[in-house]
Amino acid sequence: MKLDDYLSLQSQWSFPTEVRFGAGRLRELADACKAHGIQRPLVAIDPALEKMQMAQDVHACLKDAGMSCAMFSSIHGNPILEDLDAGIEAYRSGKHDGVLAMGGGSALDVGKLIAFMHAQTRPVWDFEDREDWWRRADADAIAPVIAIPTTAGTGSEVGRAGVLTDASDHTKKIIFHPKIMPCCVIADAELTLGLPASITAATGMDALSHNLEAYCSRVFHPLAEGIALEGIRLVHDWLERAVTNGEDIEARAYMMSASLMGAVAFQKGLGAMHAMSHPCSGLFGTHHGLTNGVVMPYVLVWNRPAIEKRITALSDYLGIEGGFDGFFEWLLRLREKISIPHDLAALGVKGESIKIMSHMAQADPANATNPVPVDSEDFARLYERALGGELGV
């Protein structure tokens, strides 16, 4: 074996935090806060959830335990710097000592970034996930976070980063620090019951994209690869059922697990699906998971020369006949059944932005671990196909 071959087997691995998984576990919130030294949490919550019963349950749970909290819900679907600044002001003015991040990926990301940035002296962009920029932070000043996901898609509850859109150039930037990872996760599938079918489908496709891109990444990480493989199986078995019946607690629980697993797995890397999706969200405000679901088959076809054997093994694991082609047909049928649009035009993405999106996609960190190199001209062709609905098979 050559030296380069040995070096390709070098990597650095990390696994997540305490997860209290199961229906009804929200009742343990006060206990989790006490275990991690939180007495006056700021609850960073999705705006749509603030007036719902689950938010009242959080208030009641903490009040019964002698704790106080305040709600912060000024959070966009694709969070921007103003959201973070307002959250930091709420944290400081309320003299809080920790954050409860509750909702989908946007609220979880903003909550984590409030805990990270409330006492830093440098701007948030100085901690973008590049090289070792995270070392610039004062790690001792990061507040504890308890994450309470209410969707099954992003897996941000076990992530060491938050995504923020830079309004100056509409790019989505990943802000990273190891201590951003929540100290505890309350993964209660009851909180996802009744979620609209469209959101269940979109977030489910996000979970699939995380697991699938991690599985196909060329980075050496066999632990994450095994998690990704099982995460894909859970989506294969349970997503359609979760979309069909919003009250199916079993399907909801398995999808919540698949979502969490995807976020653990993608420390192995992502790829062109996310690199294409981020510019669409930044420029046109598209839903991240839904966009991943739309571009997924186009990227799979593009990557086929490098991933066909791997997808064939995946098909065998899932019990799908026909190797790559069989898996691909299953994916197209799934998208149709759960009403994922076939092309980006259906999401409002405009063809005149292909050039700028292609350059943004090439520069996106997710592109670095795509199974095959993709430059801006390649991305332009991918965007053309995804906008026109031409799979190129």
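Bear in mind the structure is a predicted one, so any value in this text is a computation, not a measurement.

(A) Structural view of the nonpolar core. Leu212, Leu300 and Leu344 are the most contacted members of the largest nonpolar core, which totals 64 residues. When contributions to this core are tallied by element, the ones reaching two or more residues are helix H6 (197–216), helix H7 (222–244), helix H8 (249–265), helix H9 (272–284), helix H10 (288–318), helix H11 (323–337), helix H12 (354–363) and helix H13 (376–388). Here this core takes 13 residues from H10, the largest share from any one element. Residues within four places of Leu212 in sequence aside, it is in contact with Ile232, Met273, Met296, Leu300, Ile311, Leu314 and Phe327.

(B) Main features of the layout of surface pockets. Within this model, the second largest pocket holds a volume of roughly 190 Å³. Forming the walls of the second largest pocket are Glu128, Arg130, Thr171, Lys172, Lys173, Ile174, His278, Pro279, Met360, Ala363, Asp364 and Pro365. Mapped onto the lining of the second largest pocket, the elements with two or more residues apiece are strand E7 (171–176), H9 and H12. Among the elements that take part in the lining of the second largest pocket, E7 stands out by supplying four residues, more than any other.

(C) Representation of the side chain of Ser376 in the model. Assignment of secondary structure puts Ser376 in helix H13. Beyond its immediate stretch of four places on either side in the chain, Ser376 contacts Ser358, His359 and Gln362.

(D) Seen up close, the sheet that holds strand E4 (residues 98–103). Pairing is parallel across the open sheet formed by six strands, whose spatial order is E1-E8-E5-E4-E2-E3. Looking at the sheet topology across the chains shown, the edges are occupied by strand E1 (18–21) and strand E3 (70–72). This sheet shows a mean twist of 20 degrees between the axes of neighbouring strands, independent of strand direction. Relative to strand E8 (residues 184–187), E1 runs parallel, the two sharing four bridges. Pairing of Glu18 across the sheet is with Cys184, part of E8. Set on the sheet, helix H3 (residues 53–64) makes contact with strand E2 (41–45), E3 and E4; between it and E4 the angle comes to about 155 degrees. Sitting on the sheet, H8 touches E1, strand E5 (145–149) and E8, and the angle it makes with E1 is about 165 degrees.

(E) Summary view of the packing of aromatic side chains. Scanning all chains against the criterion turns up five aromatic pairs. Ring centres 4.5 Å apart and planes at 20 degrees place the aromatic pair Trp238 and Tyr254 in the stacked group. Of this pair, Trp238 sits in helix H7 while Tyr254 sits in helix H8, and the two are 16 residues apart along the sequence. Ring geometry for Phe324 against Phe328: centres 6.1 Å apart, planes inclined by 10 degrees, an arrangement best described as stacked. With Phe324 and Phe328 both in helix H11, this residue pair falls four residues apart, about one helical turn. For Phe324, a relative accessible area of 4% translates into the label buried. Between Lys173 and the ring centre of Trp125, over which it is positioned, the NZ or CZ distance is 5.2 Å.

How each quantity is defined
- Numbering of residues begins from 1 in every chain and follows the order in which that chain's sequence is written.
- pLDDT decides what is reported in this predicted model: residues at 70 or higher carry local features, side-chain atom pairs at 80 or more are listed and counted, and totals for whole chains, interfaces and linings draw on all residues regardless.
- Side-chain numbers here rest on the full set of heavy atoms in the structure, without hydrogens or water.
- Put simply, a nonpolar core is a bunch of buried Ala, Val, Leu, Ile, Met, Phe, Trp, Tyr and Cys residues held in one set by side-chain atoms that sit within 4.5 Å of each other.
- Each residue's exposure class comes from its accessible area (1.4 Å probe, protein chains only) as a fraction of the maximum for that residue type: buried when under 20%, exposed when over 50%, partly exposed otherwise.
- For helices the rule is a DSSP run of H or I covering at least 4 residues; for strands it is a run of E covering at least 2, with both sets numbered from the N terminus onward.
- Any pair of residues with heavy atoms lying within 4.5 Å of one another is described as a contacting pair.
- Grid points spaced at 1 Å over the protein atoms alone were grouped into cavities, where a 1.4 Å probe fits but cannot get out, and pockets, open sets with protein on both sides within 12 Å along at least five of seven lines, with lining residues defined by an atom within 4 Å of a point.
- Grid points are joined across faces, edges and corners, and a volume is the space filled by probe spheres set on the points.
- Note: two strands are recorded as paired if DSSP finds a minimum of 2 bridges between them.
- Here the axes come from fitting lines to C-alpha atoms, over the contacting stretch only for helices, and the angles between their N-to-C directions go from 0 to 180 degrees.
- Each Phe, Tyr or Trp ring (for Trp, its six-membered ring) is paired with any other whose centre lies within 6.5 Å, and the angle between the two planes then decides the class: stacked below 30 degrees, edge-to-face above 60, tilted in between.
- In this scheme, the term charge over a ring applies when either NZ of a lysine or CZ of an arginine sits within 6 Å of the ring centre and within 35 degrees of the ring normal.

Take it as geometry only, folks, not as evidence of what the structure does.
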